[in-house]
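Single-letter residue listing:
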Amino acid sequence: MPEFLSELLLPALVPLGLTLKVSLTATAGACLFGIAAGFALSRRNMPGRELLDALCTLPLVLPPTVIGYYLLVLFGRRGVLGLWLQETFGVSLVFTWQGAALAACVVAFPLVCKAARTAFEGVDQNLEHAARSLGACEGSVFLRVSLPLAWRGVLSGTMLALARAMGEFGATLMLAGNLPGRTQTLSLAIYDAVQAGRDNEAMFLVVLTSLVCILLLLASGKFLKLSPQT
Amino acid sequence: MRKLKCVLGTLALTLLLAVPAHAGDLIVSAAASLTNAFDVAKKTFEAAHPGVTVVSNYGASGALLKQMESGAPVDVFASADQKTMDQAAAKGLVDKATRRDFVRNGLVLIVPADSKLGLKSAADLAQPGVVRIALGNPEIVPAGRYTKEALEMSGQWSDLTKKYILGNNVRQVLDYVTRGEVDAAFVFSTDAMQAGSKVRVVMEMAIRTPALYPIAVASSSKKPEAKAFVDFLLSAEGQRILGTFGFKKP
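Note that the structure is a prediction, hence the values are computed from the model and not measured.

Focus on the overall build of chain A
Step number 1: Tallying secondary structure elements over chain A gives 10 helices and zero strands in all.
Step number 2: Put simply, chain A runs from its N terminus to its C terminus through helices and strands in the order α-α-α-α-α-α-α-α-α-α.
Step number 3: Across its three principal directions, the C-alpha atoms of chain A cover 65 × 45 × 30 Å.
Step number 4: Taking all 230 residues of chain A together, 38% fall into the buried category.
Step number 5: Of the contacts made within chain A by residues no fewer than 6 positions apart, 76% connect residues no fewer than 24 positions apart.

So this is what it looks like as C-alpha cells:
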C-alpha cells in the first residue's frame, strides 16, 4: 500500500490538480463568452447572424490540432497577439498552464454558445417586452428575465464544456507543450506514460480519469435537477 | 430494400478502402531525425525495386519501440541510439543478425537565428536571460538522452532543470527553436542543418557514447525487401544520400 501511494497516487495528484485548474478556468472563460455570444446570436435582428454562428461553431468541428496551430501562430512569441501580450504585460502563453486553459477554453466555447443560443431563443419574448414596458433597461432585462429563464440550457452546455475541457489534448499539446508539473494534464500524462512504456502508471491514470469524469457527470445530473425548472 | 443495398454498398466500399498495407508495402519505423534523409532514400530505393512501396513511420525511437512491442507490423527499425535497439533485440523484436550501425550523428546546442542573448557556449545557459531550454524527453528521445549525458558530464544537468521544455521527439524540439518559442535547444547536428538559416549553432557538445544509429530487420518481417533496404542504406549510394543530409559514416 505505501508503495502504491508513493509510486502511483502521489505523482498523479500533480496532473490531476493541474487538470482541474485548467479545465475550471477554461470553463469559466467559455461560459462568459459563450453566454454573451449565444445571447447575441439569439437576437433575430442581429446582422450576419448565421455567419457568426458558423464561426462560433468552428472550434467544435475543426481538428484540435488545427486550433492548436492557429493559437500557436497567434499567441507564439512571434505571433501578433503573442508579441502584444509580451510587450504590454510581459506574459507569454506558450508552455504555461494559462496557455493550456486558453486552448481548452476555445474548444469548449462552442458547447456553451450553442446551448445558450437555443436556450435564449426558447425564452418567451413577451416576457422580455413586458419587463421593458415596466421600465427595465436592457441589462436588467437580460439579468433578471432572459438569463434566469435560459439558465437550465446554459448550465447543461457548461457541464459539457467542462467535460470537453478536461479531456482536451491536441490543442493543449501544441500551445502549452507537455511539461510535467507545469502543463501536463491528465490526458497528456497518460500519453507520456504510454509512450515511455510505464503501463502501470498509464492504467492508473486512465482509471483515475474515468472516476473523475463519472463523479463529474453524477454531480452535474444532481445540479441540473436542483436548478429551477422553466 | 434499396436502402439496404445502399447501406451494404457503402459498407463494402469502406472495407475495401480500409484494407491495410498491401503486399508490396515495406513499413520502416525510423527515428524522427532521419525524416528528410529517409524521404529521399526511399524514393531511390523504390525506383530500383519496382512494385515496392516504402511506408515510413517516423517518431521518437523509444515511442517506435513501444509500438513494435504492442505488435505494430514493422519490417525495418532504425533508431537514433544503441540503447533503444538493445532493448528491441533483448525483447526479440529485431533479427540480431541483420543489425548494423549505418550512420553517425553529433549533438549541438542551437539558438534561434535572431536570438539576442549572445550565447557562446553551454556554460552560458546558466544566465538568467535564458528562460527556456528545449530538449527531447530523455525517457523516449535519444537526442534527449545524449543531452542529459552531456549536461551531466559538465555538471549542469540539475542546475538547469527549471528551464527544461521537453519535446516528444527531436523534430518537435527543433520546431520550438525555429518558431523562437525557446531560447536554446539541443538537437542533432543533422536537425540543425535541416533548419538552415532559421537557427544558429552555438557549439557541438561532447558526448561519452558516440551517436551511432543502428538499423535492423524486424523479426516479424517476412519480406526479402526488408534486408534489401538495409543493404541499400549501407551501400555507397545509400551512404551518399544520407551524407547529403549531414549524416556521417559510422
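Structure shown, so let's carry the discussion forward.
Details of the pairing of strand β1 (residues 25–31) of chain B
Residue and element names in this part refer to chain B.
Step number 1: Across the seven residues that make up β1, a large majority, six, are buried.
Step number 2: One crossover worth recording links β1 to the parallel strand β2 (residues 53–59) by way of helix α2 (residues 35–48), and it is right-handed.
Step number 3: Here β1 pairs with strand β3 (residues 76–78) via three bridges, running parallel. If you follow A30 over to β3, its bridge partner there is A78.

Describing the sheet that holds β2(B)
Residue and element names in this part refer to chain B.
Step number 1: The mixed open sheet is built from five strands, whose spatial order is β2-β1-β3-β10-β4. Of all strands in the sheet, those with a lone pairing partner are β2 and β4 (100–105), marking the two edges. This sheet shows a mean twist of 20° between the axes of neighbouring strands, independent of strand direction.
Step number 2: The pairing of β3 with strand β10 (residues 211–217) spans three bridges and is antiparallel. Counted as the bridge partner of A78 is I215 from β10.
Step number 3: Helix-sheet contacts for α2 involve β1 and β2, and the interaxial angle to β2 is about 170°.

A closer look at the sheet that holds strand β5 (residues 107–112) of chain B
Residue and element names in this part refer to chain B.
Step number 1: Across the sheet, which stays open at both edges, the five strands sit in the order β7-β6-β8-β5-β9 with mixed pairing between neighbours. A strand with exactly one partner marks an edge of an open sheet, and here the two such strands are β7 (164–167) and β9 (199–204). On average, adjacent strands in this sheet sit at an angle of 35° to one another, irrespective of strand direction.
Step number 2: Summarising the sheet, strand β6 (residues 133–136) and β7 pair through four bridges and their orientation is parallel. Looking across to β7, one finds that G136 is bridged to G167.
Step number 3: The strands that helix α5 (residues 142–153) touches are β5, β6 and β8 (184–188); relative to β6, the one it contacts most, it runs at about 120°.
Step number 4: Contacts from helix α6 (residues 170–178) reach β5, β6, β7, β8 and β9 within the one sheet, and its direction differs from that of β8 by about 140°.

Points about α5(B)
Step number 1: Between its first and last C-alpha atoms α5(B) spans 17 Å; for 12 residues at 1.5 Å apiece the expected length is 16 Å, and the two agree.
Step number 2: Phi turns positive one or two residues past the end of α5(B), at B:G155, with a value near 75°.

Regarding the interface of chain A and chain B
Step number 1: Taken together, the contact between chain A and chain B spans 11 residues of the former and 12 residues of the latter.
Step number 2: For the side of chain A that touches chain B, the class distribution of residues is four nonpolar, five polar and two charged.

Examining the environment of A:M174
Residues and elements named next belong to chain A.
Step number 1: Relative to the helices and strands, M174 is located in helix α8 (residues 170–176).
Step number 2: Taking the C-alpha atoms as reference, M174 lies 21 Å from G17; in sequence the two are 157 residues apart.
Step number 3: Excluding residues within four positions of it along the chain, M174 makes contact with T65, G68, Y69 and L72.

Regarding the nonpolar core
Step number 1: Residues A:A108, A:V112, A:L175, B:V76, B:I110, B:A185 and B:V187 are the most contacted members of the largest nonpolar core, which totals 130 residues.
Step number 2: No other element matches helix α5 (residues 97–121) of chain A, which puts 18 residues into this core.
Step number 3: Counting only domains with at least three residues in this core, you end up with domain 1 (18–104 + 210–244) and domain 2 (107–204) of chain B.
Step number 4: Apart from residues lying up to four places away in sequence, A:V112 is in contact with A:A30, A:C31, A:G34, A:I35, A:G38, A:V154, A:G157, A:T158 and A:A161.

A short note on the domain arrangement of chain B
Residue and element names in this part refer to chain B.
Step number 1: Domains assigned within chain B are domain 1 (18–104 + 210–244) and domain 2 (107–204).
Step number 2: Using only C-alpha atoms to locate each centre, domain 1 and domain 2 end up separated by 27 Å.
Step number 3: Those elements giving two or more residues to the side of domain 1 that touches domain 2 turn out to be α2 and α3 (61–69).
Step number 4: Here the side of domain 1 that touches domain 2 takes three residues from α3, the largest share from any one element.

Here we look at the confidence of the model for chain A
Detailed conclusions should not be drawn from predicted coordinates in areas where pLDDT is low.
Step number 1: Of all residues in chain A, 97% attain a pLDDT of 70 or more, and the chain-wide mean is 90.
Step number 2: When mean pLDDT is compared element by element in chain A, α5(A) scores highest at 96, while helix α10 (residues 199–226) of chain A scores lowest at 86.

With respect to the packing of α5(A) against helix α7 (residues 138–167) of chain A
Residues and elements named next belong to chain A.
Step number 1: Where α5 contacts α7, the two axes come as close as 8 Å, and the packing angle between them is 155°. Considered as vectors, α5 and α7 are oriented roughly antiparallel to each other. Seen from above, α5 lies across α7 with right-handed handedness. Contacts from A104, V107, A108, L111, V112, K114, A115, A116, T118, A119 and F120 in α5 reach S146, A150, R152, G153, V154, S156, G157, T158, L160, A161, R164 and A165 in α7.

Observations concerning the confidence of the model for chain B
Step number 1: For chain B, the average pLDDT comes to 91, and 91% of its residues sit at 70 or higher.
Step number 2: Both scores are given for the predicted complex: the pTM is 0.82, the ipTM 0.75.

Details of unusual backbone geometry
Residue and element names in this part refer to chain A.
Step number 1: A positive phi is found at F95, a non-glycine position, where the angle reads about 65°.
Step number 2: Locating F95 in the fold gives a position in the loop between α4 (80–88) and α5.
Step number 3: Owing to 21 C-beta atoms within 10 Å, F95 belongs among the buried residues under this scheme.

Some remarks on the environment of A:A100
Residue and element names in this part refer to chain A.
Step number 1: Relative to the elements of secondary structure, A100 occurs in helix α5.
Step number 2: You can call A100 buried: it has 32 C-beta atoms within 10 Å.
Step number 3: Linking A100 and L211, residues 111 residues apart in sequence, is a C-alpha distance of 22 Å.
Step number 4: Sequence-distant contacts of A100, that is, excluding residues within four places in its chain, are made with V22, T172, A176, T183 and T185.

Parameters and conventions
Just so you know, the residues in each chain are numbered from 1, in the order the chain's sequence is written. Chains and ligands are labelled sequentially in the order written, the chains with letters from A and the ligands with numbers from 1. Only residues with pLDDT of at least 70 get local features here, since the model is predicted, and only at 80 or more are side-chain atom pairs given and counted; chain-wide, interface and lining totals rely on the full set of residues. Comment: elements are numbered from the N terminus, with helices defined as DSSP H or I runs of at least four residues and strands as E runs of at least two. Backbone-placed C-beta atoms define the burial measure: a residue is buried with 20 or more other C-beta atoms within 10 Å of its own, exposed with 12 or fewer, and partly exposed in between. Residues are treated as contacting if the C-beta atoms built from their backbones sit within 7 Å of each other. A clockwise path from the first strand over the helix to the second, with the strands pointing away from the viewer, defines a right-handed crossover. Strands qualify as paired when DSSP identifies two bridges or more between them. Note on geometry: axes are lines fitted to C-alpha atoms, helical ones only across the stretch in contact, with angles between N-to-C directions running from 0 to 180 degrees. Every helix has an expected span of 1.5 Å times one less than the residues it contains. Each residue gets one label: Ala, Val, Leu, Ile, Met, Phe, Trp, Tyr, Cys and Pro are nonpolar, Asp, Glu, Lys and Arg are charged, and the others, such as Gly, are polar. For this analysis, nonpolar core means a set of buried Ala, Val, Leu, Ile, Met, Phe, Trp, Tyr and Cys residues linked through C-beta atoms within 7 Å. An automatic or database domain assignment supplies the residue ranges for each domain. Residue-level confidence of the predictor is summarised by pLDDT, bounded by 0 at the bottom and 100 at the top. Roughly parallel here means an angle under 35 degrees, roughly antiparallel means over 145, roughly perpendicular means 65 to 115, and every remaining angle is called oblique. Left-handed describes a crossing in which the near helix is turned anticlockwise from the far one by less than a right angle; the clockwise case is right-handed.

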